Amino acid sequence: MSDGGESPKSVQEAPAAAAPGEPMDLNTAIQVVMKKALAHDGLARGLHESARSIERGQAQLAILADDCNQPDYKKLIEALCAEQSVNLISVPEQQTLGQWAGLCKIDSEGEARKVVKCSCAVITDYGEETEGLAILQEYLKSR
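If you're wondering where the values come from, they're calculated on a predicted model, not measured in any experiment.

*Asks:* Explain the overall build of the chain to me, please; I cannot follow it from the model alone.
*Replies:* Scanning the chain from terminus to terminus reveals 6 helices and 6 strands. Listed N to C, the secondary structure of the chain is α-α-β-α-β-α-β-α-β-β-β-α in terms of helices and strands. For the chain, the residues scored as buried account for 34% of the 143 residues in total. Considering only residue pairs separated by 6 or more positions, the chain has 75% of its internal contacts joining residues 24 or more positions apart. Put simply, the chain shows about 8,700 Å² of open surface, and 48% of that area lies on carbon and sulfur atoms.

*Asks:* For this particular structure, what's the right way to read the pairing of strand 6 (residues 120–123)?
*Replies:* For a regular strand, side-chain orientation follows a simple rule: the groups alternate between the two sheet faces. Along strand 6, one buried face is formed by C120 and V122 and the opposite face, lined by A121 and I123, is buried too. Note that strand 1 (residues 43–45) and strand 6 share 3 bridges and pair antiparallel. The residue of strand 6 that forms the bridge with R45 is A121. In terms of strand pairing, strand 2 (residues 61–65) meets strand 6 through 4 bridges, oriented antiparallel. Bridging across to strand 6, L61 finds its partner in I123.

*Asks:* Explain helix 4 (residues 71–84) here, please?
*Replies:* Residues that lie three or four places apart on an α-helix share one face, since the helix turns once every 3.6 residues. Taking 1.5 Å of rise per residue, 14 residues should cover 20 Å, and helix 4 covers 20 Å from first to last C-alpha, within 8% of that figure. A positive phi of about 60° marks S85, the residue just after helix 4.

*Asks:* Explanation requested: the side chain of S53 in the structure shown.
*Replies:* Mapped onto the elements of the fold, S53 is located in helix 3 (residues 47–56). Judged by its relative accessible area of 8%, S53 falls in the buried class. If we skip the residues at most four places from it in the chain, S53 touches A44, Q58, A59, V122 and T124.

*Asks:* What is the right way to read the packing of helix 3 against helix 4 from this model?
*Replies:* For any two helices packed against each other, one specifies the inter-axial angle together with the distance between the axes. Taken N-terminus to C-terminus, the directions of helix 3 and helix 4 make an angle of 15°; their axes are 9 Å apart at the nearest point. With respect to each other, helix 3 and helix 4 are oriented roughly parallel. Like other packed secondary-structure pairs, helix 3 and helix 4 cross with a definite hand, here left-handed. The segment helix 3 lies against helix 4, with L47, S50, A51, I54 and E55 engaging Y73, L76, I77, L80, C81 and Q84. In terms of residue class, the contact of helix 3 with helix 4 is made up of 8 nonpolar, 2 polar and 1 charged.

Cut-offs applied
- Residues numbered from 1 in each chain as written.
- Predicted model: local features only at pLDDT ≥ 70, side-chain atom pairs only at ≥ 80, totals over all residues.
- Heavy atoms only, no water.
- Helix = DSSP H or I, 4+ residues; strand = E, 2+ residues; numbered from the N terminus.
- Buried < 20%, exposed > 50% of the residue type's maximum accessible area, 1.4 Å probe, protein only.
- Contact = heavy atoms within 4.5 Å.
- Areas by Shrake-Rupley, 256 points an atom, 1.4 Å probe, with all protein chains shown as cover.
- Pairing = 2+ DSSP bridges.
- Expected span 1.5 Å × (residues − 1).
- Axes fitted to C-alpha atoms, helices over the stretch in contact; angles between N-to-C directions.
- Parallel < 35°, antiparallel > 145°, perpendicular 65-115°, else oblique.
- Left-handed = near helix turned anticlockwise from the far one by under 90°.
- Nonpolar A, V, L, I, M, F, W, Y, C, P; charged D, E, K, R; others polar.

Without other data, these values stay purely geometric and don't point to any function.
Pasting the structure below:
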């Protein structure tokens with residue numbers, strides 16, 4: 001039982017250990033922050049949850065997919081973020097955002113299977129301080 005507990009920890013630490021050797025890019029930082037937020041129950045996924053979190057003032061960061069096929073969807077999230085002064089970041093694909101948000105099954109080899117597309121995700125609680133969070137906050141300040 002303890003062997004099973006140690007394996008996921010080593011898998012999660014491996015990307016974090018590789019990152020200090022080379023500079024972490026923005027997409028990797030977003031992925032790390034979203035994983036931590038998901039672990040701390042601070043991630044809202046989908047239009048309904050995201051809009052509700054933004055309207056309540058709980059949102060700290062909104063992530064929107066560029067390839068969203070509904071223009072009204074994008075307009076709504078952008079308008080809510082502007083109204084509530086929430087930072088908004090765009091990612092290229094819905095499939096990638098869905099995987100980062102945990103909307104997939106992980107097989108025995110650690111590969112993501114049955115990934116559900118996600119057009120919007122909102123972080124309400126960052127969880128722990130990580131290098132990814134520092135990079136993300138630095139990027140948001142520079143914009």
